[in-house]
Amino acid sequence: MESKLIFASDGIDFLRKLGSPMPYIDGERDCEKFYQLFTESRNSLTANTNSKIFNLSSLFLSIRNIATCYSLSSLAPVFSRNAAFIIDIPTPLRPDSYILLERARILATRGIGEPPTDAEISELLLDLDPIEEWMHKLILKVRAL
Amino acid sequence: MTEFNTRIAAQRRILEIVNAREWHEELFSLASKAIERWLGKNKIDGTSELAALVREAGAKLFFLANKSQEQITEDYRLLSIELSELACRLKNAVQEYCQ
């Protein structure tokens, strides 16, 4: 249980009455959803000159979330924002590239920070092929579970 | 395509329309904090039609994101029509906006 009742005026622990969560069964579908987000964001990033920060932010979302969904399917859940590095098949992305994607995510969600430069983005693009292979590996393993 | 992917694609489409013009800093997303940053960095009048349309697009997408799967299908159909109309109006507002 991730939640614990602190106080209830009627003394009834409704959290305990909820019972255990249902098993997670959508792992394959969810991993494919985030793989699709990855390919669309990368395609848009290479084809368009505008909205780069949004696409970088979406890449971050796809990498973090596919790792979390994979971990849930493997019954070893990791909810950390660094889940992609913690799971048993860690991402080959360089930590510097991950930090750059995270910066874009914070810009897109909270409007805070300095946008990456075009040079930083060009360097990152070179780093994405191994990520696609890594995502394939995760999906294949989830399918086999 | 799942509704999640469709929603992101719709957001990307709106951003590409807004960012087709060269701003001092582009619009990073349709989250309210990103919109307010964009208005400030580009000194865009917060009461302009352009600001209103961008905020409206953000509100529509985030409203949908908070719906349950059961509610989503009919709502999405209506919303995608509204978003297409909004995209046309935004295109004009971006072109016509004078700083």
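Just above sits the structure.
Cut-offs and rules
- Residues numbered from 1 in each chain as written.
- Chains lettered and ligands numbered in written order.
- Predicted model: local features only at pLDDT ≥ 70, side-chain atom pairs only at ≥ 80, totals over all residues.
- Heavy atoms only, no water.
- Helix = DSSP H or I, 4+ residues; strand = E, 2+ residues; numbered from the N terminus.
- Rg over C-alpha atoms; globule rule 2.2 N^0.38 Å.
- Buried < 20%, exposed > 50% of the residue type's maximum accessible area, 1.4 Å probe, protein only.
- Contact = heavy atoms within 4.5 Å.
- Lys, Arg positive; Asp, Glu negative; His and termini not counted.
- Charge placed at Lys NZ, Arg CZ, Asp CG, Glu CD.
- Areas by Shrake-Rupley, 256 points an atom, 1.4 Å probe, with all protein chains shown as cover.
- Polar contact = N/O pair within 3.5 Å; in protein donor to acceptor, adjacent residues only side chain to side chain.
- Salt bridge = Lys/Arg side-chain N within 4 Å of Asp/Glu carboxyl O.
- Buried area = accessible area lost by both parts, 1.4 Å probe.

Q: Residue-level account of the overall build of chain B, with values.
A: Across its full length, chain B holds four helices and zero strands. Secondary structure elements of chain B, listed N to C terminal, follow the sequence α-α-α-α. In terms of overall dimensions, chain B is globule-like: its C-alpha atoms have a radius of gyration of 14 Å, near the 13 Å expected for 99 residues. Scored against the burial criterion, the 99 residues of chain B give a buried share of 46%. Once local pairs closer than 6 in sequence are excluded, the contacts in chain B between residues at least 24 apart make up 56%. Both charge centroids of chain B, one from 14 positive and one from 15 negative side chains, sit 4 Å from each other.

Q: So what about the overall build of chain A? Which residues, and what values?
A: Looking only at helices and strands, chain A has seven helices and zero strands in total. In sequence order, chain A lays out its α and β elements as α-α-α-α-α-α-α. C-alpha atoms of chain A, sized along the principal axes, occupy 60 × 40 × 20 Å. Looking at chain A as a whole, 44% of its 145 residues are labelled buried. Sequence-distant contacts, at least 24 apart, represent 62% of the contacts inside chain A between residues at least 6 apart. A total accessible area of about 8,200 Å² is found for chain A, and carbon and sulfur atoms account for 56% of it. Taking the average location of the 16 positive side-chain charges in chain A and that of its 19 negative ones, the two points are 5 Å from each other.

Q: Residues and numbers for the side chain of A:Thr91, please.
A: All names here are of chain A. Along the chain, Thr91 falls in the loop between helix 4 (83-86) and helix 5 (95-110). Accessibility expressed as a relative area gives 7% for Thr91, which makes it buried. Looking at Thr91, its side chain comes within polar contact range of the main-chain nitrogen of Leu93, at 3.2 Å.

Q: An account of the pattern of salt bridges is requested, with residue identities and associated values reported.
A: Where charged atoms of side chains with opposite charge meet at close range, the side chains can pair. Overall, the coordinates contain 18 salt bridges over all chains when judged by the stated rule. Residues A:Lys141 and A:Asp88 are paired through a salt bridge, measuring 3.2 Å at the closest nitrogen-oxygen approach. With A:Lys141 in helix 7 (residues 129-144) and A:Asp88 in the loop between helix 4 and helix 5, the pair connects residues that are 53 residues apart, well separated along the chain. For A:Lys141, a relative accessible area of 35% gives the class partly exposed. A salt bridge links B:Glu25 to B:Arg37, with the shortest nitrogen-to-oxygen separation between them at 2.7 Å. With B:Glu25 in the loop between helix 1 (3-18) and helix 2 (32-41) and B:Arg37 in helix 2, this pair connects stretches of sequence that are twelve residues apart. On the basis of relative accessibility, which here comes to 12%, the residue B:Arg37 falls in the buried class. Linked by salt bridges that have partners in common, A:Asp26, A:Arg29, A:Asp30 and A:Lys33 make up one network.

Q: I'd like a rundown of the interface of chain B and chain A, residues and numbers included.
A: Accessible area lost when the parts come together is the quantity often used to give the size of an interface. Taken together, the contacts link 19 residues of chain B with 24 residues of chain A. Between chain B and chain A lies a buried interface of about 1,800 Å² when both sides are counted; carbon and sulfur atoms form 56% of it. It is B:Arg12, B:Phe28 and B:Arg37 in chain B that bury the most area against chain A; as a group they hold 33% of the surface buried on that side. Here chain B is connected to chain A by zero salt bridges. Contributions of two or more residues to the side of chain B that touches chain A are made by helix 1 and helix 2 of chain B.

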